[in-house]
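Fold and contact review
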Amino acid sequence: MKNILKFIIFLIPWFISGIIFTDAGFYDSLNLPFFALPNYLYGIIWIILYFLIAISIFKIYQEYSFSRISKYNKTLIVNFIFNQLYTFILFKLNNLFLGFIDCIIIFITGLSLYDETKKLDEKASKFLLPYIFFSLFAIILSLTIYFMNLN
């Protein structure tokens, strides 16, 4: 039971911005490329990705104490902050360019998180690979949407 509660504590924060800042109306109003996924699919994908991220974090904190892995902690926090900022930037500020920049930062910090995780636990790092690949897709999608919606 203690492990389930710990896992939930690692999982829940990833959903905060999606619950608070989602505005499908803005996204639906944009010109989208042919490779953009249907709206409902993004929710499903992010739920899966957040579960995988939480599994990776859980595995690391099962193995290491918080104070012994400060570089990992910093990388995780920076990635988390920019991940959460994306929804605010896109759906509250309606800023496609800043959304694109944020996607780049998420990808770079996601790569760093993968690297830091791999140094600590190679198996735990594998749970981050779908996040890295989807972040790369998000950069391409975000840049394409930005250029398609220049006025």
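Here the structure is a predicted model, which is why all the values come from computation and not from measurement.

A look at the pattern of salt bridges
It is possible for side chains bearing opposite charge to pair when their charged atoms get close. Scanning the entire structure with this criterion turns up four salt bridges. Salt-bridge contacts for Lys 119 lead to Asp 115; the nearest nitrogen and oxygen are separated by 3.5 Å. With Lys 119 and Asp 115 both in helix H6 (residues 96–120) and four residues apart, the pair spans about one turn of that helix. You can call Lys 119 exposed: its relative accessible area is 54%. Among the ionic pairs, Glu 116 bridges to Lys 119, the shortest N-O distance being 3.3 Å. Highlighted residues: Glu 116 and Lys 119, both in helix H6, separated by three residues, approximately one helical turn. Sharing partners across several salt bridges, the network here consists of Lys 71, Asp 115, Glu 116 and Lys 119.

Observations regarding the packing of helix H5 (residues 70–91) against H6
For the pair H5 and H6, interaxial distance at closest approach is 8 Å and the crossing angle is 155 degrees. Comparing their axes, H6 and H5 come out roughly antiparallel. Both H5 and H6 take part in a crossing whose hand is left-handed. Here the residues of the contact of H5 with H6 sort into 15 nonpolar, eight polar and four charged.

Overview of a nonpolar patch on the surface
On the surface, Met 1, Ile 4, Ile 8 and Ile 12 cluster together to form a nonpolar patch covering roughly 450 Å² of accessible area. By secondary structure assignment, the location of Ile 4 is in helix H1 (residues 2–11). Given a relative accessible area of 52%, Ile 4 falls into the exposed group.

Quick notes on the environment of Leu 128
Inspection of the secondary structure puts Leu 128 in the loop between helix H7 (122–126) and helix H8 (129–148). For Leu 128, a relative accessible area of 1% corresponds to the buried category. The sequence separation of Leu 128 and Asn 73 amounts to 55 residues, and the corresponding C-alpha distance is 15 Å. Sequence-distant contacts of Leu 128, defined by excluding residues within four places in its chain, comprise Ile 53, Ser 56, Leu 113, Tyr 114 and Thr 117.

Description of the environment of Asn 3
Within the secondary structure, Asn 3 sits in helix H1. Dropping the residues within four chain positions of it, Asn 3 is found in contact with Phe 58 and Gln 62.

Quick word on the nonpolar core
Formed by 40 residues in total, the largest nonpolar core has its most connected members in Tyr 27, Ile 57 and Tyr 72. Elements with a minimum of two residues in this core: H1, helix H3 (24–28), helix H4 (39–63), H5, H6 and H8. Element by element, the count of residues in this core is highest for H4, at nine residues. When near neighbours in sequence (up to four residues on either side) are disregarded, Tyr 27 contacts Leu 32, Ala 36, Leu 37, Asn 39, Tyr 42, Phe 91, Leu 141 and Ile 145.

Some remarks on the packing of aromatic side chains
Under the criterion given, the structure shown has 12 aromatic pairs. Ring geometry for Phe 35 and Phe 137: centres 6.1 Å apart, planes at 75 degrees, overall edge-to-face. Of this pair, Phe 35 sits in the loop between H3 and H4 while Phe 137 sits in helix H8; the two residues are 102 residues apart in sequence, bridging distant segments of the chain. Taking the centre distance of 6.1 Å and the plane angle of 75 degrees together, the rings of Trp 46 and Tyr 131 count as edge-to-face. Highlighted residues: Trp 46 in helix H4 and Tyr 131 in helix H8, separated in sequence by 85 residues. By relative accessible area, Trp 46 is classed as partly exposed at 22%.

Reading guide: rules and limits
Residues numbered from 1 in each chain as written. Predicted model: local features only at pLDDT ≥ 70, side-chain atom pairs only at ≥ 80, totals over all residues. Heavy atoms only, no water. Salt bridge = Lys/Arg side-chain N within 4 Å of Asp/Glu carboxyl O. Helix = DSSP H or I, 4+ residues; strand = E, 2+ residues; numbered from the N terminus. Buried < 20%, exposed > 50% of the residue type's maximum accessible area, 1.4 Å probe, protein only. Axes fitted to C-alpha atoms, helices over the stretch in contact; angles between N-to-C directions. Parallel < 35°, antiparallel > 145°, perpendicular 65-115°, else oblique. Left-handed = near helix turned anticlockwise from the far one by under 90°. Nonpolar A, V, L, I, M, F, W, Y, C, P; charged D, E, K, R; others polar. Patch = residues over 30% accessible without salt bridge, like charges linked within 9 Å, V, L, I, M, F, W, Y side chains within 5 Å. Areas by Shrake-Rupley, 256 points an atom, 1.4 Å probe, with all protein chains shown as cover. Contact = heavy atoms within 4.5 Å. Core = buried A, V, L, I, M, F, W, Y, C linked by side-chain atoms within 4.5 Å. Phe/Tyr/Trp six-rings, centres within 6.5 Å; stacked < 30°, edge-to-face > 60°.

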